[in-house]
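# Close look at the chain arrangement
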Amino acid sequence: MSSLESRKNYLNACTRCSSCKWVPVVKSERFAHICPSVVHGRFHAYSASGMLINGYSLLSGTVAYGETLNDSIYSCSMCGGCDVSCKTNFADLVEPLDSLYALREKIASENQQPQALKAIAQHLRALGNPLGLPPERRGEWTAGTGLGRDGNGPASVLLHVGDDAFDSSRWPQLHHVVDLLRRHGLSVATGGVQEPDCGALAFDIGERQLAETLARKTAAWIQASGAKHLITCSDAAFSAFRNIYPRLGVTLEGVRIQHISEWLAEHPSPPVEGRKKEVVTYHDSCKLGRLSEPYQPWTGEWVTELNSLPVRTGAPKTRFGLGGVYDAPRQALAAAGAQVVEMERIREASFCCGAAGGADACQPGFAATAGRHRLEEAVATGANTLVTSCSQCSRHLDRLASEDGLALRVVTLVDYLRERTTTEQPIETGVPA
Ligand code: SF4
Ligand code: SF4
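Residues numbered from 1 in each chain as written. Chains lettered and ligands numbered in written order. Predicted model: local features only at pLDDT ≥ 70, side-chain atom pairs only at ≥ 80, totals over all residues. Heavy atoms only, no water.

In this approach the atoms are scanned with a rolling probe the size of a water molecule, which exposes any empty space left behind. Size it by volume and the largest pocket reaches roughly 910 Å³. Surrounding the largest pocket, 43 residues form its lining, D163, L201, D360, Q392 and R395 being those nearest its centre. Of the residues forming the lining of the largest pocket, the biggest block, six residues, is contributed by helix α16 (residues 391–403). Here the residues of the lining of the largest pocket are counted per class, giving 21 nonpolar, ten polar and twelve charged. Built from parts of two domains, the lining of the largest pocket gets at least three residues from each of domain 1 (5–113 + 269–420) and domain 2 (117–262). Taken as a whole, the second largest pocket encloses approximately 490 Å³ of empty space. (1 Å grid on protein atoms, 1.4 Å probe; cavity = no way out; pocket = protein on both sides within 12 Å on 5 of 7 lines; lining within 4 Å. Points joined across faces, edges and corners; volume = space filled by probe spheres on them. Helix = DSSP H or I, 4+ residues; strand = E, 2+ residues; numbered from the N terminus. Nonpolar A, V, L, I, M, F, W, Y, C, P; charged D, E, K, R; others polar. Domains from an automatic or database assignment.)

As C-alpha cells, this is what we get:
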C-alpha cells in the first residue's frame, strides 16, 4: 500500500473549509494568505485542500497525470503554512502537509514528477549534491581556515555547512562562524568533502528512499566524528534533523543539535561602536520555523467511532509549528543593536519565500510570485533591510529585490551580525559552550 493510500482517512477528513489558504489570525486583507501556491494559482486546486482532492482522485483513477495536474501540485514549496492553519481548526484530523509528502512520494515512485526534480534526484544519487556539481567542490570553502578539505576531527563541535559549501559568496560567513567558535574556546571539526547531503530536499521532492539513504549516511558521518555537539548553518538540515529524520527512522541520539542562530544568541558579540540603531525586518524561514518543530512518529491505530467515524488512538501532541526556532535570531539581532519591526505574517504563520521544496527549480514562476509577495510585505514595514537565517531564502529574495530595483537590502543573519558586531573585544567567560 502506498503512503498516500494509507492516508485515505486524512484525505477524506478535509472539509473543504479553505482555512489552509489563510493565516490563522488575519491582520489585513493584503497579507491574509498563508499559502503561496494560492497567491500564485488563484484556484482551489492550488490550495492544500485542492491537492488533497487531486491526491484522492489519483488514487481512484479519476484524474490522469499531465502538465495541468503537475502545475498545481508542484507550484508549492512544501512550506507547511497550510498545516498550521488547518490544525488551528481541526487539530491533527487532516494534517495536509503529511499528505502532500505522501502525494509527491507516489508521483515520484511512478516517475511522473517534473523533469527538473528528476534531475535533482539524479544529481543527489550520482554526485551527492542537488546542484550537479563535482563532489570535491564541497570542500573548497575550507581553504584558509586551517580545516582540512577532507574534514578533520575529533573536536568539541562539528560544524555542518550544507549547500553553502558550493556558494563562494557564502564562504566569508562560514569563515566568520569558524572564527567565532574558536574565539569561544571551541575546537571545530567539519566534514569538508566528506559531509553528505542531509536528504532534506530529496524528502521534499518525494524521493523518500533516497532521503533515507542520505539521512543514514549523514547520521553515520556525525556518529563517526565523535562529536556530541553539532552546529548547522543550514535551515533545511536543521529541519531535517528534528522533523524529517524521525519520520525516516533515523536517530541522532546523544548529539546536541543546534542551529547557528541559537548559538549566536547564546554568545552575542558586542555591536560595533558608534553605529546607529538600524531598523530591520526579519523573515522566519519555514525550515527554521514551523518545520523544525520536533516530530514524533505516531504508533497508534485507527478505530471507528459512532458507527462510521474513523478516529486515531494515542495520537501524539498536535504540532502547530510553535516548537520552531523564532526567538534566537531576534535576540541575536537585538544584541547587535538592530531594531526589529515585524511583518504581519511571522513565526509559525510566516509566509514562505517560495524557493523551497524544489519549487525554484521546477516552478520558477510560482517561486517568483511568492517571493515578490513576501518582499511587498517586508517593504510595507518601512525597514530598509530584511534579515533571514536561511541562505536559500536570502538568495531568492535578494535576486528578486535586485531585479525589481527595490530599496530593500536582503542579508543573512550571520552576514548581518558579521557586519554589525565586533570581535575585537575580549570574550566574556562563563558562557555555555
Ligand atoms: S486541508 Fe484543512 S483547512 Fe484546508 S480545506 Fe481541508 S480541512 Fe479545511
Ligand atoms: S505547503 Fe505551502 S505552498 Fe504548499 S499548499 Fe501548503 S501552504 Fe501552500
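This next bit is on the site of ligand 2. Near ligand 2 you find 13 residues, and of these C35, C76, C79, G80 and C82 are the closest. Taken together, the elements giving at least two residues each to the shell around ligand 2 come down to α2 (36–41), α3 (48–60) and α5 (81–90). Partitioning the shell around ligand 2 into residue classes produces nine nonpolar, four polar and no charged. (Near = heavy atom within 4 Å.)

Taken N-terminus to C-terminus, the directions of helix α13 (residues 327–335) and helix α17 (residues 413–420) make an angle of 15°; their axes are 10 Å apart at the nearest point. In terms of their interaxial angle, α13 and α17 are classed as roughly parallel. Crossing angle aside, the handedness with which α13 passes α17 is left-handed. Counting all contacts with α13, which are made through P329, A332 and L333, the residues of α17 involved are L413, Y416 and L417. (Axes fitted to C-alpha atoms, helices over the stretch in contact; angles between N-to-C directions. Parallel < 35°, antiparallel > 145°, perpendicular 65-115°, else oblique. Left-handed = near helix turned anticlockwise from the far one by under 90°. Contact = heavy atoms within 4.5 Å.)

The next subject is the sheet that holds strand β3 (residues 229–232). Ordered by their spatial adjacency, four strands build an open sheet running β2-β1-β3-β4, and the pairing between neighbours is parallel. Edge positions in the sheet fall to β2 (188–190) and β4 (256–259), since each has one partner strand and no second. Taken over all neighbouring pairs, the strand axes of this sheet differ in orientation by 30° on average, direction set aside. Where strand β1 (residues 157–160) meets β2, three bridges bridge the pair, whose relative direction is parallel. When the bridges of β2 are listed, L158 appears paired with A189. In the packing of helix α10 (residues 208–225) onto the sheet, contacts are made with β1, β2 and β3, and the angle to β1 comes to roughly 150°. Strand contacts of helix α11 (residues 235–248): β1, β3 and β4, with the helix running at about 145° to β4, the strand carrying the most contacts. (Pairing = 2+ DSSP bridges.)

A positive phi is found at M78, a non-glycine position, where the angle reads about 55°. Tracing the chain through its elements places M78 in the loop between α4 (67–74) and α5. At E95, a position not held by glycine, the phi torsion is positive, near 45°. You can call E95 buried: its relative accessible area is 7%. (Buried < 20%, exposed > 50% of the residue type's maximum accessible area, 1.4 Å probe, protein only.)

Parsing the protein chain into structural domains produces domain 1 (5–113 + 269–420) and domain 2 (117–262). Here the C-alpha centroids of domain 1 and domain 2 sit 23 Å apart. The partner domain 2 presents 31 residues to the 39 residues of domain 1 that form the contact. With both chains or domains summed, domain 1 and domain 2 bury close to 3,100 Å², and 54% of this area falls on carbon and sulfur atoms. Taken together, domain 1 and domain 2 are joined by 17 residue pairs in polar contact (both at pLDDT 80 or more). Broken down by secondary-structure element, the contributors of at least two residues to the side of domain 1 that touches domain 2 are α6 (96–109), α13, α14 (359–362), α16 and α17. (Buried area = accessible area lost by both parts, 1.4 Å probe. Polar contact = N/O pair within 3.5 Å; in protein donor to acceptor, adjacent residues only side chain to side chain.)

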